[in-house]
Amino acid sequence: AEVMIFTNTHLAELQIYERLGDFAAASERIPVISEGLGKYGDKITKEQEILFYYHISVIEFGNGNYNDSLQWINRVLNDNEKHLRQDIYSFARLLNLIIHFELGNYDLLEYIIKSTQRYLNKKDKDYKVENVILKHLRKLTKEDESERRKLYEKMQEELDKAFEQSHERVVLDYFDISSWVSSKLNEKEYSEIKKELSVS
């Protein structure tokens, strides 16, 4: 029971902070969670462990700590039990691309985009949103800052269109790609956009 309370409470808490864009408050929970993961170890299911890694990565991303975010997402991607929660694994691959984009690792990104595309092509269930993200990130890496605005606008347009389909909106539960594009268009922090949305 203790383990269940720990996992359910903390996962719910992280998701609430994410939705509110309060990444600073969320990051204060990370030491407690890390301690719990160590303490309960093998009593926590693999799926829950992966979910913790994923959400912590999103929180570090929201705080602009892209290197830390990358370390946590790598824990998800390096996990060999690929049959577990394919959705998390897929969205982790997309988040990984956006982290590398923020870090300016464009050469590496080109390579990762190709392998992500291959991975998505083999998947039974794919989302239009995934392809929109890949297509535009590929273009964004090749353009300088001044040309990017048009691409972000086009990306936002195509995302909005995709999100008209309710099943596509699942992606937003994992990472709010629309807010990320919006942050680029409005030259604001991702966390700022999330906070504005939670108030409106």
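Conventions we followed
- Once a new chain begins, its residue numbering starts again from 1 and follows that chain's sequence as written.
- Whole-chain, interface and lining totals are the exception, using all residues; otherwise, since this is a predicted model, local features are given only for residues with pLDDT of at least 70 and side-chain atom pairs are given and counted only at 80 or more.
- Side-chain calculation: all heavy atoms of the structure are included, whereas hydrogens and water are not.
- Numbered from the N terminus, helices here are DSSP runs of H or I no shorter than four residues, and strands are runs of E no shorter than two.
- In this setup the radius of gyration rests on C-alpha atoms only. A globule is expected at 2.2 Å times the number of residues raised to 0.38.
- Here's how the labels work: a residue is buried when its accessible area is under 20% of the maximum for its type, exposed when over 50%, partly exposed in between, all with a 1.4 Å probe on protein chains only.
- When checking whether two residues touch, look at their non-hydrogen atoms; a contact exists if any pair is within 4.5 Å.
- Note on areas: these come from Shrake-Rupley sampling with a 1.4 Å probe, and a residue is covered only by the protein chains present in the view.
- For this document, the term salt bridge refers to a Lys or Arg side-chain nitrogen within 4 Å of an Asp or Glu carboxyl oxygen.
- Within 6.5 Å between ring centres, the rings of Phe, Tyr and Trp (the latter by its six-membered ring) count as paired, and their orientation is classed by plane angle as stacked under 30 degrees, edge-to-face over 60, tilted in between.

Visitor: Would you mind showing me how to read the overall build of the chain here?
Guide: On a plain count of helices and strands, the chain comes out with twelve helices and zero strands. When the helices and strands of the chain are listed from N to C terminus, the series reads α-α-α-α-α-α-α-α-α-α-α-α. Relative to a compact globule of 200 residues, whose C-alpha radius of gyration would be 16 Å, the chain shows 17 Å and is just as compact. Summarising its shape, the C-alpha atoms of the chain cover approximately 50 × 40 × 35 Å along the three principal directions. Buried positions account for 50% of the 200 residues belonging to the chain. A separation of at least 24 residues holds for 62% of the contacts in the chain among residues at least 6 apart in sequence. If you sum the accessible surface of the chain, you get close to 10500 Å²; carbon and sulfur atoms cover 48% of it.

Visitor: Would you mind going over the pattern of salt bridges with me for this structure?
Guide: Should their charged atoms come close, side chains of opposite charge can pair. Counted according to the given criterion, the structure contains 13 salt bridges. Between glutamate 145 and arginine 148 there is a salt bridge; the shortest N-O distance is 3.2 Å. Here glutamate 145 and its partner arginine 148 are both found in helix α9 (residues 145-162), three residues apart, which amounts to about one turn of the helix. On the basis of relative accessible area, glutamate 145 is assigned to the exposed category, the value being 56%. Judged by relative accessible area, arginine 148 falls into the buried class, the value being 6%. With a closest N to O distance of 3.1 Å, lysine 150 and glutamate 147 form a salt bridge. You can see lysine 150 and its partner glutamate 147 sitting in helix α9, three residues apart, about one turn around the helix. On the basis of relative accessibility, which here comes to 55%, the residue lysine 150 falls in the exposed class. Taken together, the shared-partner salt bridges connect Lys135, Lys154, Glu157 and Glu158 into one network.

Visitor: Just to check I follow, could you spell out the packing of aromatic side chains for this structure?
Guide: For any pair of aromatic rings, geometry is given as the distance between the ring centres together with the angle between the planes. Counting across every chain of the model gives 15 aromatic pairs. With a centroid separation of 5.6 Å and an interplanar angle of 35°, the aromatic rings of phenylalanine 6 and phenylalanine 52 are classed as tilted. Pair noted here: phenylalanine 6 is in helix α1 (residues 2-20) and phenylalanine 52 is in helix α4 (residues 46-62), with a separation of 46 residues, a long-range link. Like phenylalanine 6, the residue phenylalanine 52 is buried in the burial classification.

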